[in-house]
Amino acid sequence: ESYKEHQQILQRLVLSYLIHHGYCATAEAFASGTGLEFTEDVSSIKNRQRILKLVLAGKKGDAIELTSRLYPGLLEERPDLFFMLKCRQFIEMINGCDMGVPSTELNGVNSGPETDMDIENKNKFHSNGVSNGFVEEGENSEVQYSENRTINGGCRAPVERMIDFGKELYNYSQQLFHKHGNNERNKKMLQDAFSLLAYSNPWNSPVGWQLDPAQRETVCAQLNSAILESSHHARKPPLEVAVAHAKD
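The name given to the chain in an unreviewed UniProt entry is Ran-binding protein 9, with the source organism recorded as Triatoma infestans.

Undergrad: Go over the overall build of the chain with me, naming the residues and quoting the values.
TA: What the chain contains, in helices and strands, is 10 helices and 2 strands. Shown N-terminal to C-terminal, the secondary structure of the chain runs as helices and strands in the order α-α-α-α-α-α-β-β-α-α-α-α. Residue burial in the chain is summarised as follows: out of 248 residues, 39% are buried. Excluding contacts between residues fewer than 6 apart, the proportion of contacts in the chain whose partners are at least 24 apart in sequence is 66%. Roughly 14,100 Å² of accessible area belongs to the chain as shown, and the carbon and sulfur atoms make up 51% of that amount.

Undergrad: Which residues make up the packing of aromatic side chains, and what values go with them?
TA: Tallied over the full model, the rule gives 3 aromatic pairs. Measuring from centroid to centroid gives 6.2 Å for Phe83 and Tyr172, while their planes differ by 35°, and the two rings are tilted. In this pair, Phe83 sits in helix H5 (residues 79-95) while Tyr172 sits in helix H7 (residues 156-180), placing the two residues 89 residues apart along the sequence. Looking at Tyr172, the relative accessible area reads 19%, which means it is buried. With 5.3 Å between their ring centres and 75° between their planes, Phe90 and Phe194 make a pair best called edge-to-face. Within this pair, whereas Phe90 is found in helix H5, its partner Phe194 is found in helix H8 (residues 184-195), the two being separated by 104 residues in sequence.

Undergrad: Please provide a residue-by-residue account of the pattern of salt bridges, values included.
TA: Across all of its chains, the model carries 8 salt bridges by this definition. The closest approach of N and O atoms between Arg78 and Glu77, which form a salt bridge, is 3.6 Å. The shortest N-O distance in the salt bridge between Lys188 and Asp192 comes to 2.8 Å. Taken together, the residues span about one helical turn, with Lys188 and Asp192 both in helix H8 at a distance of 4 residues. The partly exposed category is assigned to Lys188, whose relative accessible area is 49%. Through salt bridges with shared partners, one network takes in Lys60, Arg88, Glu92 and Arg216.

Undergrad: Could you give an account of unusual backbone geometry, naming the residues involved and the relevant values?
TA: Positive phi outside glycine occurs at His232, with the angle close to 65°. Inspection of the secondary structure puts His232 in the loop between helix H9 (216-230) and helix H10 (238-247). By relative accessible area, His232 is classed as exposed at 75%.

Undergrad: Tell me about the confidence of the model for the chain, residues and numbers included.
TA: Of all residues in the chain, 77% attain a pLDDT of 70 or more, and the chain-wide mean is 81. Throughout residues 103-114 the model reports pLDDT below 50, and contacts reaching past four residues in sequence, or to other chains, amount to 19 contacts. Counting interchain partners and residues more than four positions distant, the pLDDT-below-50 stretch residues 121-146 has 40 contacts.

Undergrad: Any details on helix H1 (residues 2-20)? Residues and values, ideally.
TA: Taking 1.5 Å of rise per residue, 19 residues should cover 27 Å, and H1 covers 27 Å from first to last C-alpha, within 8% of that figure. For H1, the complete set of buried residues consists of Gln11, Leu13, Leu15, Leu18, Ile19 and His20. The inward-facing, buried residues of H1 contact helix H2 (24-34), helix H3 (42-56), H9 and H10. Backbone geometry just downstream of H1 places Gly22 in the positive-phi region, at approximately 80°.

Undergrad: Talk me through the environment of Leu56; I want residue IDs and the actual numbers.
TA: Mapped onto the secondary structure, Leu56 falls in helix H3. Accessibility expressed as a relative area gives 2% for Leu56, which makes it buried. Note: C-alpha distance between Leu56 and Val219 (163 residues apart in sequence) is 9.1 Å.

Definitions and cut-offs
- Residues numbered from 1 in each chain as written.
- Predicted model: local features only at pLDDT ≥ 70, side-chain atom pairs only at ≥ 80, totals over all residues.
- Heavy atoms only, no water.
- Helix = DSSP H or I, 4+ residues; strand = E, 2+ residues; numbered from the N terminus.
- Buried < 20%, exposed > 50% of the residue type's maximum accessible area, 1.4 Å probe, protein only.
- Contact = heavy atoms within 4.5 Å.
- Areas by Shrake-Rupley, 256 points an atom, 1.4 Å probe, with all protein chains shown as cover.
- Phe/Tyr/Trp six-rings, centres within 6.5 Å; stacked < 30°, edge-to-face > 60°.
- Salt bridge = Lys/Arg side-chain N within 4 Å of Asp/Glu carboxyl O.
- pLDDT = per-residue confidence, 0-100.
- Expected span 1.5 Å × (residues − 1).

Dropping the structure here:
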């Protein structure tokens, strides 16, 4: 009996981990295979999954709009998180992944079915081909930045949108400053983002690390935790908490 109880505890920890990170299909299959009761709202998990997919794809504007639509007030109540998302949106506009206007994907066009692989393959959301600033020499070769890439290919309209967005972002930072006081983290975040404009090829610059798709994961995790917290769930899954305690 003791072994069975411990096994069930571990299984519940694994199930809560899968649910926390939005692995809906995997969580349902795991619950079915282990005989655990699955009481979570599937639509809620899939909503989070849709948002996380957009964030990891670099489409911060769409992620912000969908979050605001599905979870009204969440971002307004968390201005620092909202500011981080807007800074990342500005960076993705430079990266060519966010056009600064809502895409058709929010209306279900070209979105395709959501799968757990969309969330699990975090590091695979990157641009491909020379047109997006990467050069691939072969199927198995490492992806490298193009040395002659320019912001938005030098096209005037997207550059103007980006500049206007940058002005709005700066004004928002000033609003936060007057309302909440100085925030060194937000200040540095904005400076780093704006520093990208100082280089003709920001991908090959000292601040080019911001354009690495891996940088999307931090804001993705924070947004996911905020959504869960707003729904009265833990910000971190019990399994991660237990592992952290075990390491101490």
